[in-house]
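# Structural characterization, general
Each chain is listed here by its residues.
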Amino acid sequence: MPPAGFLSMFIIATLLKGRYSEIDPCSSQCHSIKEGYYKRSSNYTIQSTDIAISDNFLSEGWYRFDSLAGNDMVTWAPSIYQCGTIYPMWMNGTLPTESDGEVNRTVCIVGFYESCSKTLTIKVKACREYRVYYLVPAPQTSTGYCIGEHSHCPPGQSSDSGFTPCVDVIPVNTSPAVNVSLENKLSNNARLKPVEPVFKCLFDEPDAGPYWYDTYWYINTDLVKVVESQPYQSNQSWLYPKDWVDTYNLNMVVKCSIRVRHLERSTPGHHNYSENFKAGMFPSSYVYGLKEGETISIKFSVTVPVGCLDVKRQYLCKTNIYILTPEYKPSTPSSSCQNFSGQGDVFFDENGCGIVIESSTWWEEKVLNVTGNTDGLINMKDRDMYIKLGSLRDGAEDISGVWYNFSMPNIQISISDEDRNMVYKVCGLNTDPRMITFDRLSWTAYLPGEFILYRDKRRKISVHVLFSNCLQSPNSVPCACGIAVRVENSLFSYRSCEKISNRYTKPMIHHEIVYQKCDDSQMEIELRKPWDTMNRIILPTGAVVWFSFGDNDWMNNLDVYPSVFDEDNVDGMCGNPNYNLDDDFIDINGTVFSVFSSIVDPEKCNANQAVWRVSMNSTESLFGAKVSLDVNDFEMKKYCDCSTETQLDENSIANHYTANCSITTQAVRCSSKYKSQKLTSACTYNQNRFKRDANIDTVGLINRSEDSDDSDDVIESQPLYYDPDFDPNPVFTLSWKNGWTETAARGYCENITLNNPARVGCRKYIAMDNFTDVAIRECVLDIRDSGTTDFARYTLQSLNHFCFEQIKKYEIFHIKNDFEEESVVETIGKLVCPNDCSSNGVCNGGVCQCRSLYIGEDCSHPISAPPANLSLPRNGLCETSKRACAKTNIFGHFRSETVYAKLEKFEITNFGRLTVLSNYTTQATYINPTIVRINFPTNSRSSSENTWGSGFNISVSYDATHFGDSLVIIIYNDVCYSCNASTLECTNTSACQDVSQIPKVTQNPKKPNTDGENTSLPWIISLCVVLVFIIGTITVLILLKKRHTGQFSPWCVDTQKLRYLPNHPPVQRYDTINLDLKKSTSQNYEILKPPVVGRSNAAFDG
């Protein structure tokens, strides 16, 4: 556009602006007139037949109102459902005078709980005889401006305009009040006297009577019932459940009015209204503040009784008000887990806890306890949660249905974060072991044995750790080789050492894992996969236990992260997480002694550690044979919307009235395809898998599941025991070994620790210096005590895990900003993998994702290198009298869940061992890092009467191509034979027949006996000839049967039909009878077959 065009437009716009600035909205041409809108009056209550006024459709502009109900906007807050709408809008200010000119005013929108839930800005100008309003559309539906304060005169009143103010024709005043009580209900059963809640409009009878009364009943301002011309206190004027239960639910507002008549058919007077009566159950407040770890009590008042089928049994009648949980209903079948706050339908489901209202004591105050759960996160801000209470079911005892489908408005719980008090709180146990308390006190556990690491002083929750010598030299600093977690009557233990000793302890053939009655209500257990580094156990207090075992069969790391519930409530070697070093150590007398330093000398270490020692022979031990898990009927709490819920054998929720709330808890609905990865689902399977026996021989033990269907689930284990030379208080000689010095060790440890990429990355976001110093100190001590750097990588792994867990505690680090490609958690998660995945994989979330040619937690193991150092149960012998011998466990260390087994079948006969009969490759079932299981082919049993045993050469592979050394298993009848898996020889025993009658095996079964093969050849040929003869005979008989002319034959009776004849006579043997039968022209005759002879009637009864 040329410059001249811009100049022309500017001049025109300036002129128009000046023109419109001179327009007066009082002019009739400048505003719209709304006439007759009397329903906008503040005295008009919206009726059920009305359509609520919705000014969200209003066009913005100037308006003038002309109505007999009033022409100005109301300047006070009306009630909800007034002004012909649901949410009235009123002016929060004074009406302007003519001298004020055009002014701005604030308009408030009335909400359910507030008189000014939202605000708008309008303009108002006073003209000579009226006012005009510049109105803007309402921000929501069913919301309208409230204009005028008058309403139509009711019957019995009048005025010049027909609107208020009105004059009573016959004024008679009353002061009614709504009351509710249980009243008798008619019943067809004379033995029952049911009662139901009834509302009454009570008032004192006026003087100068008697009068007749009209009673009006309102629920939520809706007129629901009118009873006219009734005498005083007539029960016809009551409001019964049948009048409203099908339309309204409790937590409603009930109101009544009385109109008085002088005569039964005279004109009634004015309405005498009662106050609003809140009917239902109401909390003392709808908004509460709560800290994580804190419990508050919400008190409720109940204003409506519970009906009962029989008043004589009123003590049995009750209604349950449940805590309702909103759940997300996936909009697509493919959804697995989605948050309900997204798109989709929200519905409510009843939990097994809440409040009980008993009919006999309905008026008593009710209490709901609410606990703020810890979410383990340092939150960005506090959160608002909501409690929904209601009942979706009708009680069989109350036929009135008054409390059916009851629903209470949400109770808001504002939860403040307390997890920041637990920041940097971790009790750690690393390598030899080096300990650190919750309050960062660093020390070394020098004593072997079982010790209490963490113990809840309020409940029977504890974590025990097991120490034994792991180095070749005697009286060396011990290593951790077991962890046991007890929560009430549940136990989980994981052990890798055979005994407690001051000398070198041989690791077990496979790790022992014991479950007993564990479930998610007591503890959540997640055992690591081969590619993970840590196992996790979540305690019901919110504390989290992490632990890991290395390839050397010793525990490398054990960390306990406390919750906000633990401060001043726990003890043990971890201490008390209260930022006070002085109470972390106690002596044998229970006296707290100060250490004055974050580094503790060995003498004080031993004094403190000895206090927490547990004898393996005591009932307090979690590893011994006398474990006692009594709980004293303690009621478990669950981490859900309800603290406790009703059980199968309970019919009342009276003892379940505590709700748990968490800052980050969100309702989640999962599809049926989603499967939890928690291993607690396997607890039932592993429950009492084997029993510990205190009198067992310490040389070895073969344990087998007591379930006969799983007789092949054989594990080799033995109870934990003390070495005969065990000294609970050994004297240590701490010195440098293998040429190492403190300077050299510190230089090495500082180099690998300070240059650790994960530490460098974490320092940008959290404080790491203190824990870095601890890691360097522990690394130096490990080199001193072991003379090697073998433990250094585990120290780095522990530091990385601490770094990552602390980063994950901050909610803000989980959020990705618009200008960032990934969150801080994602960034650090790529730095903390062990050994940086050996450059053979990608680190993501602290877990290595190995390339196709590598496996293991750090991707260091080539997939072509098969598992080594494997063994079989019972030295490779499978005795058919004791086992099904359909499968076998294989013991070893497995770096992948995908394991293949190649099986070469052979047989051992009285002539020696034959050559391999078949080859078979199958995928093993991964059980845990030290056990896999394989199934034998279904035809693995012996194929010849001369076979004394069969077996397999088993070799294992990760890639189904490169297999390792063979293991040998022999399957045999141990009643008749005795076999040796090493020599592959079997001998006959006298249990079956005389040994002299069977040729002895003198050949080496490893070399096939060609003479034996030639000897068996004639037998095979003879067998084939016999089979051919039998087949020929059967063929001839079939042909003869087809040529049969229909004459009765004793071989043609249908035995299958006789089998199902009821009450048939006993079977007898009959001679053949010749019958002269004529052929039927129908081809649908039945061919009879002879009965089965020589069997009882039971054989025919099927």
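Small disclaimer: the values here were computed from a predicted structure and weren't measured.

Pairing in this open sheet of 7 strands is antiparallel, and the strands run E29-E28-E27-E39-E38-E37-E36 from one edge to the other. In this open sheet, the two edge strands, each paired with only one partner strand, are strand E29 (442-444) and strand E36 (524-526). Across the sheet, the mean angle separating the axes of adjacent strands is 10 degrees when strand polarity is ignored. Across 3 bridges, strand E27 (residues 427-430) lies against strand E28 (residues 434-436) in antiparallel orientation. Bridging from a neighbouring strand, Asn430 pairs with Arg434 of E28.

Before going further, it helps to examine a nonpolar patch on the surface. Judged by side-chain polarity, Val1026, Phe1029, Ile1030 and Ile1034 come together as a nonpolar surface patch covering roughly 400 Å² of accessible area. Positionally, Phe1029 belongs in helix H9 (residues 1010-1042).

Moving on to the nonpolar core. Generally speaking, nonpolar side chains in soluble globular proteins are found buried as a group. Of all hydrophobic cores here, the largest spans 48 residues; its most connected members are Phe199, Val254, Met281, Leu389 and Trp403. The leading source of residues in this core is strand E14 (residues 252-261), at 5 residues. Among all residues touching Phe199, those that are not within four sequence positions of it are Val178, Asn179, Val180, Trp217, Trp238, Leu239, Trp244, Met252, Val254, Phe277, Ala279 and Val304. Val463, Tyr515, Met523 and Ile525 belong to the second largest nonpolar core, which has 47 residues in total.

Let us now look at the state of the cysteines. Under the definition given, this model contains 15 disulfides. In this model, Cys308 is linked to Cys317 through a disulfide, with the two sulfur atoms separated by 1.9 Å. What sets the handedness of the Cys308 and Cys317 disulfide is the S-S torsion sign, and at about 50 degrees it is right-handed. Here Cys979 connects covalently by a disulfide to Cys986, the sulfurs 2.1 Å from one another. Of note, the bridge from Cys979 to Cys986 carries an S-S torsion of about 110 degrees and is right-handed in sense. Each member of the pair, Cys979 as well as Cys986, carries the same accessibility label: buried.

If you walk through the whole model with that rule in mind, you get 29 salt bridges. One salt bridge in this structure joins Asp456 and Arg458, with 2.8 Å as the shortest N-O distance. A residue is classified by how much of its surface remains accessible, and Asp456, at 3% relative accessible area, is buried. The network of salt bridges with shared partners includes Arg434, Asp782, Arg784 and Asp785.

All told, the structure shown has 31 aromatic pairs when counted by the stated rule. Ring centres of Phe112 and Tyr113 lie 6.4 Å apart, and the angle between their planes is 45 degrees; this geometry places the pair in the tilted category. Accessibility assignment for this pair places Phe112 and Tyr113 in one class, exposed. Among the aromatic residues, those joined into a cluster by ring pairs are Tyr87, Phe112, Tyr113 and Tyr286. The ring centre of Tyr240 lies 5.9 Å from the NZ or CZ of Lys242, which sits over that ring.

Spatial strand order, E52-E57-E56: 3 strands in an open sheet with antiparallel pairing. The open sheet has two edge strands, strand E52 (887-891) and strand E56 (925-928), and neither has a second partner. Strand after strand, the sheet turns through a mean of 30 degrees between neighbouring axes, direction not considered. Where E56 and strand E57 (residues 931-935) come together, 3 bridges link them in antiparallel fashion. The residue of E57 that forms the bridge with Asn928 is Ile931.

This part covers the side chain of Asp571. Locating Asp571 in the fold gives a position in strand E40 (residues 570-571). A relative accessible area of 15% places Asp571 in the buried class. Look past the residues within four positions of Asp571 in its chain and what remains in contact with it is Leu453, Tyr454, Arg455, Lys457 and Trp612.

Criteria and thresholds
Residues numbered from 1 in each chain as written. Predicted model: local features only at pLDDT ≥ 70, side-chain atom pairs only at ≥ 80, totals over all residues. Heavy atoms only, no water. Pairing = 2+ DSSP bridges. Helix = DSSP H or I, 4+ residues; strand = E, 2+ residues; numbered from the N terminus. Axes fitted to C-alpha atoms, helices over the stretch in contact; angles between N-to-C directions. Patch = residues over 30% accessible without salt bridge, like charges linked within 9 Å, V, L, I, M, F, W, Y side chains within 5 Å. Areas by Shrake-Rupley, 256 points an atom, 1.4 Å probe, with all protein chains shown as cover. Salt bridge = Lys/Arg side-chain N within 4 Å of Asp/Glu carboxyl O. Core = buried A, V, L, I, M, F, W, Y, C linked by side-chain atoms within 4.5 Å. Buried < 20%, exposed > 50% of the residue type's maximum accessible area, 1.4 Å probe, protein only. Contact = heavy atoms within 4.5 Å. Disulfide = S-S within 2.5 Å. Phe/Tyr/Trp six-rings, centres within 6.5 Å; stacked < 30°, edge-to-face > 60°. Lys NZ or Arg CZ within 6 Å of the ring centre and 35° of its normal.

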